[in-house]
Amino acid sequence: MLSGMREHDGPLTRLRRGHEQSVLELLRKQGPLSRAELGTRSGLSRTTLHDIVGGLLGSGVVVATTPQVESRKRGRPVEKLSLDPAAGEAVGIDFARRAVHVAAVNFAHEVVGSASEPHAPDLSWPARVDIAEHLLADLATGDRDRSRLGHLDALTGIGVGVVGPIADPGSEHAHAQGIDDLPDLLRKRFGAPVLLDNNTRLAALAEAVWGAAADSGDVLYLRLSHGVGGGLVVGGALHRGRYGLSGEFGHITVDPHGRTCDCGKTGCLETRACLDAVLCRYRETGGEATGLGGFLDAVTAAEPAALDVLEHVGADVGGVLAAVCHVVGAGVIVVGGELAEAGPALLDPVERALRHHLMPLAHHHVELRRATLGETGSALGGIALVLHESPLLTHYPRPASEDSEDNA
């Protein structure tokens, strides 16, 4: 019997457990995979993988599915393996300037749902967290009772996007931005690890993982909203920068004699392309509509004042994008944010200016696209950060808490 006990906990058993953990980790990070994909990425032989997968399927930890009929290609449908969807969830929260956006994804990488709620720009952080909490409760149960969050209690983690530079997510540096207590507040409220980063960079990650640029390894993302910012995917990896300042395209100077920017400089792109600046210029040229909705209606109606403003904004944006492309060699440019809802009235002028400023050799290597994930893009990027499911995060900094766990 003692011999049997030693065999039960012997090297072969430990090796098997290691193989199981390898397979489970791949499915957690990368979502549903076929057996062939699992074999390639795990390095296990077909025989070993067959045995490991069979055991995991038998225990219910892993489930098998086939594509929906409308998504199947010709031939036999390829079975996909994933973690049990009920095993847990990851949540993304985007604390934008004037709204909270949330999204939840289960362990099978299925989007459980997303929701948003606007708020005043000066709302306190505890009140914003309250909004996030009841939005997530609504996703899970249809009411606002935190005690009934159900399977959202099994959170793997929460990826959080905030406005402004994040030099070291979760560090004391965040004190200057008024968010030093936010990670602790969220951890206490939800009982899950929290990863914090710039919300626009998370939107870039989401577009590169699930959205408009999922087919490219070199992506430039620009968001035109209440602020102007972006993100970069360079050589197949999300670029964060030495001080977390990558993607601050809104603070590239376009008019040395222009208006003073909130950053302290003069004539930044943000002073000409953020929503307030666009609406101000529109009214200065005789436009009568108020608010973004009215402006977009004026664009749809082909009002000359609205189209003229977007022509000038497009020229500024296209020039900046071309300059950045010359530096990083982006293959795909994705433009998102509320202003992108203007569609071709904005994107066509951007395209013209981009082509005008690009070197001729680059014309056929750069493609301009509109973002596809909408206002919950940053929340979905937060989920990608939690799951670490994308190769785009291979060289991305990990939080100190993970390093501590690895060294424990």
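Rules used in this analysis
Residues numbered from 1 in each chain as written. Predicted model: local features only at pLDDT ≥ 70, side-chain atom pairs only at ≥ 80, totals over all residues. Heavy atoms only, no water. Helix = DSSP H or I, 4+ residues; strand = E, 2+ residues; numbered from the N terminus. Buried < 20%, exposed > 50% of the residue type's maximum accessible area, 1.4 Å probe, protein only. Areas by Shrake-Rupley, 256 points an atom, 1.4 Å probe, with all protein chains shown as cover. Core = buried A, V, L, I, M, F, W, Y, C linked by side-chain atoms within 4.5 Å. Contact = heavy atoms within 4.5 Å. Pairing = 2+ DSSP bridges. Axes fitted to C-alpha atoms, helices over the stretch in contact; angles between N-to-C directions.

Quick notes on the overall build of the chain
Scanning the chain from terminus to terminus reveals 14 helices and twelve strands. For the chain, with 408 residues in total, the buried portion stands at 47%. For the chain, the accessible surface area stands at approximately 19,800 Å², while carbon and sulfur atoms represent 53% of it.

Some words on unusual backbone geometry
Positive phi values are uncommon outside glycine, yet Ala-302 reaches one of about 60°. Residue placement: Ala-302 occurs in the loop between helix H10 (291-300) and helix H11 (304-328).

Regarding the nonpolar core
Membership of the largest hydrophobic core comes to 44 residues, with the highest contact counts inside it found for Leu-220, Leu-224, Phe-295, Val-317, Leu-321, Ile-333 and Leu-339. Contributions of two or more residues to this core are made by strand S8 (219-224), strand S9 (228-234), helix H9 (275-284), H10, H11, strand S11 (332-336) and helix H12 (344-357). The element that contributes the greatest number of residues to this core is H11, accounting for eleven residues. With residues up to four places along the chain from it excluded, the contact list for Leu-224 reads Ala-273, Leu-275, Val-317, Val-335, Gly-336, Gly-337, Glu-338, Leu-339 and Leu-346. In this structure, Ala-132, Leu-136, Leu-182 and Phe-190 belong to the second largest nonpolar core, which totals 22 residues.

Quick word on the environment of Ser-22
Tracing the backbone shows Ser-22 in helix H2 (residues 11-30). Residue class for Ser-22 comes out partly exposed when judged on its relative accessible area of 28%. Spatially, the C-alpha atom of Ser-22 lies 9.5 Å from that of Arg-41, the residues being 19 residues apart in sequence.

Notes on the pairing of S9
Where a strand is regular, its side chains alternate between the two sheet faces. Counting buried positions along S9 gives six out of seven residues, so the element sits mostly inside the fold. Pairing analysis gives six bridges linking S8 to S9, with the strands arranged antiparallel. The residue bridging Tyr-221 from the neighbouring strand is Gly-231, located in S9. Hairpin remark: S9 followed by strand S10 (residues 237-239), antiparallel, with two residues in the connecting loop; positive phi at Gly-235, about 60°.

Side note on the sheet that holds S10
Strand order in the open sheet formed by five strands is S10-S9-S8-S11-S12, with mixed pairing between adjacent strands. Edge positions in the sheet fall to S10 and strand S12 (367-370), since each of these pairs with one other strand and no more. Going across the sheet, the axis of each strand differs from the next one's by a mean of 25°, ignoring polarity. Here three bridges tie S9 to S10, and the two strands are oriented antiparallel to one another. In the sheet register, Val-233 faces S10, and the bridge partner there is Leu-238. Packing of H12 onto the sheet brings it into contact with S8, S11 and S12, and relative to S12 it is tilted by some 160°.

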